[in-house]
Amino acid sequence: MRFSVNIPNFGDFADPKAVAKVAVAAEQAGWDGLFVWDHVLHRKHAGLPFGDPWMLLTAAALATSRIRLGTLVTPVARRRPQQLARQVATLDAVSGGRVTFATGLGGPVEDEYESFGDATDPKVLAERLDEGLDLLQRYWSGEPVNHEGRHYRVRDVTLLPATVQRPRPPVWVAGFWPNRPPMRRAARWDGAVPLFTDARHGHVPPIEQVRDLVAYVRKQREDHADTPFEIVLGGATPGGDTAKTRDLLAPLAEAGATWWDERQLQTTEALHQLTPVLRRIEQGPPVL
C-alpha cells in the first residue's frame, strides 16, 4: 500500500505557496503522493478563495522530485478536453512524469454545472466523460487526432509534446459505491477511487463494502488480470497511534486496497487549513 495526502483547492490551499509547502513536507516525511481537489464552485464552502488545481500542482511539482501529483478528481465533462490535455501534459513535463490523472462526474452538479448554465443530466455528463477520456489519451499520444462524436468533433489535430509517461499518465476513475457504472468505467482504465455512501469524506470505509467493491472490479477486469490496477481508499487516520492505524488499514490492504489517501473530515474547518494538515503530514504516513 502507498500513501498520499489529500487537500482541497480552497481556503489556505488556494495559495500555490501553501500547496508547495504541503508537497515539500509530504515528500520529506515519506508520503508517496499529493492529490488536490478540482472545484470551481462549492457553495458549502462559499466565501473561501479557490485556486486552479493545475497551477497549484505546478507549484508542488517545482518544489519536489519524487511524490506523485494529481487531482482527486477532475470532472472531464465540464472542461474542454484539448485544454485539459495540454494542462496535464505540461504538468507531466514539469514534474518529470509524476502525474496521475483522476476523474469522475464531479459535483455538486448544481454548483459546478447548473450555476453556469451547463447540462446536469448524469447520463449526458457520463457520455461526455467517456468520450472526453478517449480524446485525452489520443491527445496525450502526440499522434494526429480526428474524431466525430456525440459531444466532440476534432479535425486533424496533433498536440505536442506528448506526455512524458508512455503511453499516457495513469487514469483513475472515481464514483460512489455501490453504484456499478462508475466502477465498470474505472475497470477499463488504471485505477478505481471509490467513495462510499456509508462513509463520507474523511471516514474509513466499511471493510465488507470494500471487499464487495474489489470483487466486482476484479470480475470486470478478468481479461486484464495480469495488468496492474490501483484501488484507492481514503479517510482520516490517527497519526500518532501506529497500532490503531494499523488496525484500521491492514484489513483494507488485505482486501485489495493499494493506496491510502489521507484526508481531513469534511465537516471541520481543518479541511482547508494549512496548520492541521501540516501537523498530520509531519507525523508521517501510516506504517503497516
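Quick caveat: nothing in here was measured; it's all calculated off a predicted structure. (Residues numbered from 1 in each chain as written. Predicted model: local features only at pLDDT ≥ 70, side-chain atom pairs only at ≥ 80, totals over all residues. Heavy atoms only, no water.)

S.K.: Whenever I open this one, the layout of surface pockets confuses me. Can you help?
M.R.: Which parts of space are left empty comes out when a probe the size of a water molecule is rolled across the atoms. Of the voids in this model, the largest pocket is the one considered here, and its volume is about 940 Å³. Lining the largest pocket are 36 residues, and of these Phe176, Leu195, Arg200, His201 and Gln266 lie nearest its centre. Where the lining of the largest pocket is concerned, the elements lending two or more residues are strand 8 (171–177), helix 6 (180–187) and strand 9 (191–196). With four residues, the single largest contributor to the lining of the largest pocket is strand 9. Class assignment of the residues belonging to the lining of the largest pocket gives a composition of 16 nonpolar, 14 polar and six charged. (1 Å grid on protein atoms, 1.4 Å probe; cavity = no way out; pocket = protein on both sides within 12 Å on 5 of 7 lines; lining within 4 Å. Points joined across faces, edges and corners; volume = space filled by probe spheres on them. Helix = DSSP H or I, 4+ residues; strand = E, 2+ residues; numbered from the N terminus. Nonpolar A, V, L, I, M, F, W, Y, C, P; charged D, E, K, R; others polar.)

S.K.: Is there a simple way to explain helix 2 (residues 53–63) in this structure?
M.R.: Count 3.6 residues to each turn of an α-helix, and residues three or four apart come out pointing the same way. Residues of helix 2 that are buried include every one of Pro53, Trp54, Leu56, Leu57, Ala59, Ala60 and Ala61, and no others. Summarising the contacts, the buried residues of helix 2 are in contact with helix 1 (16–29), strand 2 (33–36), strand 3 (68–71), strand 4 (74–75), helix 3 (81–95) and strand 5 (99–104). For helix 2, the N-terminal capping position is held by Asp52, with its side-chain oxygen 3.0 Å away from the main-chain nitrogen of Trp54. (Buried < 20%, exposed > 50% of the residue type's maximum accessible area, 1.4 Å probe, protein only. Contact = heavy atoms within 4.5 Å. Polar contact = N/O pair within 3.5 Å; in protein donor to acceptor, adjacent residues only side chain to side chain.)

S.K.: Even after reading the chapter, I still don't get the side chain of Ser4, so can you show me in this structure?
M.R.: Considering the arrangement of structural elements, one finds Ser4 in strand 1 (residues 2–7). Sequence-distant contacts of Ser4, defined by excluding residues within four places in its chain, comprise Trp31, Gly33, Leu34, Phe35, Trp259, Trp260, Asp261 and Glu262.

S.K.: Quick question: what am I supposed to make of the side chain of His272 here?
M.R.: Here His272 shows up in the loop between strand 11 (259–262) and helix 9 (274–282). Judged by its relative accessible area of 12%, His272 falls in the buried class.

S.K.: Looking at this structure, I do not really get empty space enclosed by the protein. What am I missing?
M.R.: Tallied over the full model, the rule gives one cavity of 30 Å³ or more. Here the largest cavity is characterised by a volume of approximately 50 Å³. Contributing to the lining of the largest cavity are Val5, Asn6, Trp31, Glu262, Arg263, Gln264, Val277, Arg280 and Ile281. Counting residues per element, the ones that place at least two in the lining of the largest cavity are strand 1 and helix 9. Among the elements that make up the lining of the largest cavity, the one with the highest residue count is helix 9 (three residues).

S.K.: Mind showing me how you'd approach the packing of helix 1 against helix 2 here?
M.R.: To characterise two packed helices, one gives the angle between the axes of the helices and the distance between these axes. The geometry of helix 1 relative to helix 2 is characterised by a closest axis approach of 8 Å and an angle of 45 degrees between their N-to-C directions. The angle between helix 1 and helix 2 falls in the class oblique. For the crossing formed where helix 1 meets helix 2, the hand is right-handed. Residues Pro16, Val19, Ala20, Ala23 and Val24 of helix 1 lie in contact with helix 2, whose contacting residues are Leu56, Ala59, Ala60 and Ala63. (Axes fitted to C-alpha atoms, helices over the stretch in contact; angles between N-to-C directions. Parallel < 35°, antiparallel > 145°, perpendicular 65-115°, else oblique. Left-handed = near helix turned anticlockwise from the far one by under 90°.)

S.K.: How do you make sense of the pairing of strand 3 when you look at a structure like this?
M.R.: In the case of a regular strand, side chains alternate between the two sheet surfaces. Residues of strand 3 alternate between two faces, with Arg68 and Gly70 on one and Leu69 and Thr71 on the opposite face, all of them buried. Handedness of the crossover joining strand 2 and strand 3 through helix 2: right-handed. As paired elements, strand 3 and strand 5 share two bridges and run parallel to each other. Bridging from a neighbouring strand, Leu69 pairs with Val99 of strand 5. (Right-handed = clockwise from strand over helix to strand, strands pointing away. Pairing = 2+ DSSP bridges.)

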